Amino acid sequence: QVQLVESGGGLVQAGGSLRLSCVDSGRTFDDYAMGWFRQAPGKEREFVAGINWSGGSTYYADSVKGRFTISRDNAKNTVYLQMNSLKPEDTAVYYCATSRTSTIVTMKNIRYWGQGTQVTVSS
């Protein structure tokens, strides 16, 4: 049973930075694309960023492009989300997820979800 455990969330002022981490307990971490999603109160869960199996391809939601960076360390079974220039509208529970494919992650092809970590950005 694969387990994804996120960490690094917290409270930060607008303009600040946070780095989220997600550790995968499985043995096939580097076979699959990984992604970060978020869900704000009263809203649907949405895609934030994705990365292919090798880390050579990344893609972002327009709302975070230029501010967030996704990366992975396959030797550590870990995916990261560096979040800079945070805005109050970035406040949400952030989830990491494993794709069913090696190349792309979407809401429709998730193998496993993490439990989520809260990010709160104050104005």
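To be clear, the structure that these remarks concern was listed above.
Each chain has its residues counted from 1, following the order in which its sequence is written. Local features in this predicted model are restricted to residues whose pLDDT is 70 or higher, and side-chain atom pairs enter the listing and the counts only when it is 80 or higher, whereas totals over whole chains, interfaces and linings include all residues. Heavy atoms from the whole structure form the basis of all side-chain values; hydrogens and water molecules are not counted.

Novice: Got a sec to walk through the pairing of strand E9 (residues 92–99)? Specific residues and values, please.
Specialist: Buried residues dominate E9, accounting for 7 of its 8 residues. Whether two strands pair comes down to DSSP finding at least two bridges between them. In this description a helix means any DSSP run of H or I spanning at least four residues, a strand means any run of E spanning at least two, and both kinds are numbered starting from the N terminus. As defined by bridge partners, strand E4 (residues 34–39) adjoins E9 across 6 bridges and the pair is classed as antiparallel. The residue of E9 that forms the bridge with Gly35 is Ala97. Sheet analysis places E9 next to strand E11 (residues 117–122), joined by 3 bridges and oriented antiparallel. Counterpart to Tyr94 in the pairing with E11 is Thr117. Bridging between E9 and strand E10 (residues 110–113) involves 3 bridges; their strand directions are antiparallel. Within E10, the position partnered with Thr98 by the bridge is Tyr112. Burial classes follow relative accessibility: with a 1.4 Å probe on protein chains only, a residue under 20% of its type's maximum area counts as buried, one over 50% as exposed, and anything between as partly exposed.

Novice: Residue-level account of the sheet that holds strand E3 (residues 18–24), with values.
Specialist: If you trace the 4 strands from one edge of the open sheet to the other, you get E1-E3-E8-E7, paired in antiparallel fashion. The strands lining the two open edges of the sheet, one partner per strand, are strand E1 (4–7) and strand E7 (68–73). Adjacent strand axes in the sheet meet at a mean angle of 15°, parallel and antiparallel pairs treated alike. When E3 meets strand E8 (residues 78–83), the two strands line up antiparallel, connected through 6 bridges. Counterpart to Ser21 in the pairing with E8 is Tyr80. In this description, a line fitted to the C-alpha atoms serves as the axis of each element, helices being fitted only across the stretch in contact, and the angle between N-to-C directions of two axes falls anywhere from 0 to 180 degrees.

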